[in-house]
Every structure is written in C-alpha cells, then in structure tokens.
Amino acid sequence: MANRINLNGTSYHGAGAVAEIANEAKAHAFKKAFVCSDPDLIKFNVTSKVTDVLEKEGLEYEIYSDIKANPTIQNVQHGVEAFKKSGADYIIAIGGGSSMDTAKAIGIIIANPEFEDVRSLEGTAPTKKPCVPIIAVPTTAGTAAEVTINYVITDVEKKRKFVCVDPHDMPIIAVVDPEMMSSMPKGLTASTGMDALTHAIEGYTTKAAWEMTDMFHLKAIELISNSLRGAVANTKEGREGMALGQYIAGMGFSNVGLGIAHSMAHTLGAVYDTPHGVACAMMLPIVMEYNQECTGEKYREIARAMGVKDVDSMTQEEYRKAAIDAVRKLSVDVGIPTKLEAIKEEDLQFLAESAHADACAPGNPKDASVEDLKDLFRKIM
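Predicted, not measured: the structure shown is a model, and the values here were computed from it. (Residues numbered from 1 in each chain as written. Predicted model: local features only at pLDDT ≥ 70, side-chain atom pairs only at ≥ 80, totals over all residues. Heavy atoms only, no water.)

All right, on to the overall build of the protein then. A tally of helices and strands in the protein yields 14 helices and eight strands. Since a compact globule built from 381 residues should have a radius of gyration of about 21 Å, the 20 Å found for the protein is in line with a globular shape. Each of the three principal axes of the protein carries a C-alpha extent, and together these read 60 × 45 × 40 Å. Looking at the 381 residues of the protein, the share that counts as buried comes to 59%. Considering only residue pairs separated by 6 or more positions, the protein has 78% of its internal contacts joining residues 24 or more positions apart. Entry remark: accessible area of the protein is about 15300 Å², with carbon and sulfur atoms responsible for 53%. Across the protein, the centroid of the 38 positively charged side chains sits 1 Å from that of the 52 negatively charged ones. (Helix = DSSP H or I, 4+ residues; strand = E, 2+ residues; numbered from the N terminus. Rg over C-alpha atoms; globule rule 2.2 N^0.38 Å. Buried < 20%, exposed > 50% of the residue type's maximum accessible area, 1.4 Å probe, protein only. Contact = heavy atoms within 4.5 Å. Areas by Shrake-Rupley, 256 points an atom, 1.4 Å probe, with all protein chains shown as cover. Lys, Arg positive; Asp, Glu negative; His and termini not counted. Charge placed at Lys NZ, Arg CZ, Asp CG, Glu CD.)

Here it is, written out as structure tokens:
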C-alpha cells in the first residue's frame, strides 16, 4: 500500500512572517479576504497584526467573528451565509484550531454546496473540489490546523464532536509567525502545547505510522519537550520552538491519524466543554500506559526525545515508564490538572460510546472496547 503525504503548497516560518500575506494575496490575484478570527483575538489586537498588513497594501477584507472555542454547526452555517454576502474570494484564518476549523468547513461548503448539511462532512466526505483558498495564521502553538487535512465541529444538539478528514481543506499557505503567539496567556500556551505533544506521540505510535512520519514526530517531541516550559514563561526561544514543533507534528499526524487520547478528548470537549488541550494532556499518560504493550521500542525513542538520560541501558519496562513519567512531569510543570471533577459515573457509558465511535479511535495501536474506554475515563475522575 502506498503512503500518502499532504502538506501546504507554501509555508512561511519565523518572526515577521505575516508580512508575506500581502505578497501572496497579490501573487494569487485575490480580490477580497474573508477574515475568520474569534472575538478575543480581535479584542486584544492580535487579528489587527494581519489586517494592518492588508490595509497598508490596500487589500480589501471583511471580518467574520462568530466563532466559539469549540466551533459549532451553527458557527459554520452563519459563516457560509456571511461568505456568500461578502463577495470575498479567499479566506484568511487567524487563530487557534477554532478559527481554522471554522474556516475549513466554510470553504469546503462554499466550493461543494451539495455538502451544505454540515453533519454530512463527518469522516471522509467525498467532496469533489478544493475549498476556497485559505491562508492560515496560527495564534496558538498546538492544533497545527494550518497544515492538516482535519477539522473538528461540535454538534451541540447531539452533545458530540465529529472529525472531518478531507485533503480538499488543506490551506494553500501557512504563515507560522511566533510573534502572533506572544500574547497567548499561560494556561492556553500550556494546554495547546500539550495538544501538540499528544499529536506527536499519538502520531508516532499510531497503526499507520511509517519512516517519514516517525521522523517528523520524533523531532516534534524533542522541540516541544525542550520549548513548552519556556513558552509558558513567554520566552522568545520557547515561543519559536513551539511554533515550529507543533507545525512539524502536524506534518506527521495529519497523514497517519491519531488514537484514543484524541477520541476521548473530543468527547470530553463535547460533553463538558473541556478545553481540547487540557483533555488531551489528562488522557495522554493514561492512554500511553494502556497502549505500551503494543508499541515495540517506540517509548525508548520518546523518552530519548524528551531528554531522558541513559535510555539505552534501560529495560523495556524501565524506558516505557520513563517515557510516561516524562509526559506526566511536563504536563504538571506547565500547570495542567490531572482530574476532571465534572465527570460522573452515570456519564461514562455515553462518553465511552462516543469515544469508541470517534474517527481517531481506529488508529490507536491497541484496540479499545467501550468497557476499556470507561475504565480509562475513570482514571481522571
């Protein structure tokens, strides 16, 4: 079987990269941007770092900000209507996963109107046309949505999140500028960073992993482990390392999938509105323990990438424990809680069934039953 890799056509990396947006818009002869960005980023003048570039070059734009932290079907539907009225011919998505996921869904529906029922995009919808061109500008170092073929939408009515996987939604240009991330508060930096680490570790151990994606994931684990504490402290080096590390993780996992830490995190986000990165951070070491017997020597390389010394002299049991302990320590060091008080015993059946049905579950290296997932959820109660 052939292994497929989907990446951006163009990506820019480094401080000041947002200046390239105007050049790219002109080079593509785009007329008007539909800027997707959430209200907080507008309020705190993060979005304006991009719109100032557009204004300086006389480029027209319109802002769409009806975007929630866990974007909903309604956010997408409103966005589709707003895009149709705007006269825009491309999208600039500024934000974390929420803005970019909303932009992807809008862009796909505009280009493929037969999928206007947002729920019809779940899984691998057979869309025919690439979405409206997207320039993606991340403001968090976590989701890597700027370089993935995935997006996640919340179905409020059914209390579930659904994952959409579609090569047609890949942004044509990613602009990864650490200066766009410098205003992220500590808690958001920590949680989105742990989401990135979960991407790297789950992508490295998923059933579909292969040599090229292993290369991306191990480098991402190393960069994130070395940089996240510094990023939480808002150091320049920490921000730069996380900006690159989370992007490299996206280059990998988008092409091979994830596992049950993400399935369970999606469910916690849908039911309790738990921030996605917090849910990932809680579940990751627990899922690593569950998966360890099906990972060969990979935990030795995870431990090595996370800076654990003398891994080559360790037994398999020792290096597996060392990798899990290193993940736990990083999560605690950046202030992530280990328990979720909102979970109730009577919720477990629904949570486990939802996680079992999630699009990320089949990639897990060890198959998990609904009962297994209930037991894993109990560990964060």
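It is worth spelling out the domain arrangement of the protein at this point. Under the domain assignment, the protein is made up of domain 1 (10–180) and domain 2 (186–379). A straight line from the C-alpha centre of domain 1 to that of domain 2 covers 25 Å. Residue-level contacts link 22 residues of domain 1 with 27 residues of domain 2. A combined buried area of about 2000 Å² lies between domain 1 and domain 2, and 63% of that area is made up of carbon and sulfur atoms. Our count for the contact surface shared by domain 1 and domain 2 stands at zero salt bridges. Here domain 1 is connected to domain 2 by eight residue pairs in polar contact (both at pLDDT 80 or more). At the level of elements, strand S1 (10–13), strand S6 (150–155), strand S7 (160–165) and strand S8 (173–176) are the ones that each hand at least two residues to the side of domain 1 that touches domain 2. If you tally residues by element for the side of domain 1 that touches domain 2, the top one is S7, at three residues. Residues that form the side of domain 1 that touches domain 2 fall into these classes: nine nonpolar, eight polar and five charged. (Domains from an automatic or database assignment. Buried area = accessible area lost by both parts, 1.4 Å probe. Salt bridge = Lys/Arg side-chain N within 4 Å of Asp/Glu carboxyl O. Polar contact = N/O pair within 3.5 Å; in protein donor to acceptor, adjacent residues only side chain to side chain. Nonpolar A, V, L, I, M, F, W, Y, C, P; charged D, E, K, R; others polar.)

In this section: the pattern of salt bridges. Applying the stated rule across the entire model yields 24 salt bridges. The shortest N-O distance in the salt bridge between Glu57 and Lys26 comes to 2.5 Å. Placement of the pair is Glu57 in the loop between helix H3 (48–56) and strand S3 (60–64) and Lys26 in helix H1 (residues 20–27), with a sequence separation of 31 residues. Assessed through its relative accessible area of 33%, Glu57 is described here as partly exposed. On the accessibility criterion, Lys26 (43% relative accessible area) is partly exposed. Residue Arg229 is joined to Asp333 by a salt bridge in which the shortest nitrogen-to-oxygen separation is 2.9 Å. Placement of Arg229 in helix H7 (residues 211–232) and of Asp333 in helix H12 (residues 316–333) is noted, with a sequence separation of 104 residues between them. Overlapping salt bridges, with partners in common, bring together Glu297, Arg300, Glu301, Arg304 and Asp312 in one network.

So, about the environment of Pro285. Relative to the elements of secondary structure, Pro285 occurs in helix H10 (residues 276–291). Of the residues examined, Pro285 reaches a relative accessible area of 6% and is grouped as buried. Separated by 40 residues in the primary sequence, Pro285 and Asp325 have C-alpha atoms spaced 7.8 Å apart. Contacts of Pro285, omitting those with residues within four sequence positions, involve Ile324, Val327 and Arg328.

Below, the discussion takes up helix H6 (residues 186–205). Between its first and last C-alpha atoms H6 spans 29 Å; for 20 residues at 1.5 Å apiece the expected length is 28 Å, and the two agree. Of all 20 residues in H6, 17 are buried; the element is thus mostly enclosed. (Expected span 1.5 Å × (residues − 1).)

This brings us to the sheet that holds S3. Taken in spatial order, the six strands of this open sheet run S1-S8-S5-S4-S2-S3, and their pairing is parallel. Looking at strand neighbours, the two that pair on one side only are S1 and S3, the edges of this open sheet. The average angle at which neighbouring strand axes cross in this sheet is 15°, direction not considered. Across two bridges, the pairing between strand S5 (residues 134–138) and S8 is parallel. Following the sheet pairing, Ile135 is matched in S8 by Ile173. Along the sheet, H1 makes contact with S1, strand S4 (90–95), S5 and S8, crossing S1 at roughly 160°. Contacting S1 and S8, helix H8 (residues 236–256) runs over the sheet at an angle of about 150° to S8. (Pairing = 2+ DSSP bridges. Axes fitted to C-alpha atoms, helices over the stretch in contact; angles between N-to-C directions.)

With that settled, the discussion passes to the UniProt feature "domain: Fe-containing alcohol dehydrogenase-like C-terminal" (unreviewed entry) in the protein. The sites that carry the UniProt feature "domain: Fe-containing alcohol dehydrogenase-like C-terminal" (unreviewed entry) are, in the present numbering, residues 189–381. Along residues 189–381, the helical share is 69% and the strand share 0%, with 24 Å between the first and last C-alpha atoms. (UniProt positions renumbered as here; feature names shortened; annotations may be inferred.)

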